[in-house]
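Descriptive structure summary
What follows is the residue order along each chain.
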Amino acid sequence: MFTKIKPGHADALREDLARIASTENREALHQIGTLHDARHVIFDNDTRFMFASVFDGSWDTYIDDFGKTVVGANFDRIFAHSEGFPGVSDPGVKDWFVAHQEPAGVFVSSYPDLTVQQIWKDHRVEEAFEEVLDTAEFRAALENPANAELVATPAFQKLLEEASA
């Protein structure tokens, strides 16, 4: 989405953008669990602002979820520097967002079929697996002749190769 920054508000907008990178905001994003990333750009000699995000699910759910957390307050803080912003709690806020949206001509993703929740789960599994790999018990299990058949399988070998990459 693209908005016009109120005259004289660019520096205050920069300060507020710096504030939203807080731990509190990250915790709210974790609670929502659908946002892959968001970008905030001030451009055209401090007269315009761009907000772009990638999320899972519908746009309506995305905006509604944000309004229920500290992220909604952050939206109020950030977009208050934009001309005409009615506020997150205003019934017309979705219309305002839609009026300022511009669809991407092309969108490319390295992981188009993975949700935020799946990525977080994959990360937790990887961390747990890394912990196991670092134990003497795991090394002993690899060397135990009783496990030789399992260790020799292509799937297990692939797992070990990926872990060492």
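Before any of the text, the structure's been laid out above.
So, a few notes on the structure that sits alongside this text. Quantities reported herein were computed from a predicted structural model and do not represent experimental measurements.

Digging into the sheet that holds strand β1 (residues 2-4)
Strand pairs in the sheet, formed through backbone hydrogen bonds, run parallel or antiparallel to each other. Taken together, the three strands give an open sheet; going across it, the order is β1-β3-β2, and neighbouring strands pair in antiparallel fashion. Both edges of this open sheet fall to β1 and β2 (35-43), since each of them pairs with a single strand only. On average, adjacent strands in this sheet sit at an angle of 20° to one another, irrespective of strand direction. Bridge count for β2 against strand β3 (residues 48-55) is eight bridges, and the pairing is antiparallel. Its bridge partner lying in β3, L35 is registered against F55. Sitting on the sheet, helix α3 (residues 59-67) touches β2 and β3, and the angle it makes with β3 is about 110°.

Notes on empty space enclosed by the protein
Once rolled over the atoms, a probe with the size of a water molecule shows which space is left empty. Here the structure, examined in full by the defined rule, presents one cavity of 30 Å³ or more. Of the volumes computed, that of the largest cavity is approximately 40 Å³. Lining the largest cavity are I63, F66, G67, F75, V88, V93 and F97. Looking at the lining of the largest cavity element by element, the count peaks at three residues for α3. Residues that form the lining of the largest cavity fall into these classes: six nonpolar, one polar and no charged.

Here's the deal with the pattern of salt bridges
Enumeration according to the criterion identifies seven salt bridges in this entry. The closest approach of N and O atoms between D60 and K94, which form a salt bridge, is 3.3 Å. With D60 in helix α3 and K94 in helix α5 (residues 93-99), this pair connects stretches of sequence that are 34 residues apart. Judged by relative accessible area, D60 falls into the partly exposed class, the value being 41%. With a relative accessible area of 23%, K94 lands in the partly exposed category. Note that D64 and K94 form a salt bridge whose closest N and O atoms lie 2.8 Å from each other. Here K94 lies in helix α5 and D64 lies in helix α3, a separation of 30 residues in the sequence. Taken together, the shared-partner salt bridges in this structure form one network comprising D11, R14 and D46.

Conventions used here
Residues numbered from 1 in each chain as written. Predicted model: local features only at pLDDT ≥ 70, side-chain atom pairs only at ≥ 80, totals over all residues. Heavy atoms only, no water. Pairing = 2+ DSSP bridges. Helix = DSSP H or I, 4+ residues; strand = E, 2+ residues; numbered from the N terminus. Axes fitted to C-alpha atoms, helices over the stretch in contact; angles between N-to-C directions. Contact = heavy atoms within 4.5 Å. 1 Å grid on protein atoms, 1.4 Å probe; cavity = no way out; pocket = protein on both sides within 12 Å on 5 of 7 lines; lining within 4 Å. Points joined across faces, edges and corners; volume = space filled by probe spheres on them. Nonpolar A, V, L, I, M, F, W, Y, C, P; charged D, E, K, R; others polar. Salt bridge = Lys/Arg side-chain N within 4 Å of Asp/Glu carboxyl O. Buried < 20%, exposed > 50% of the residue type's maximum accessible area, 1.4 Å probe, protein only.

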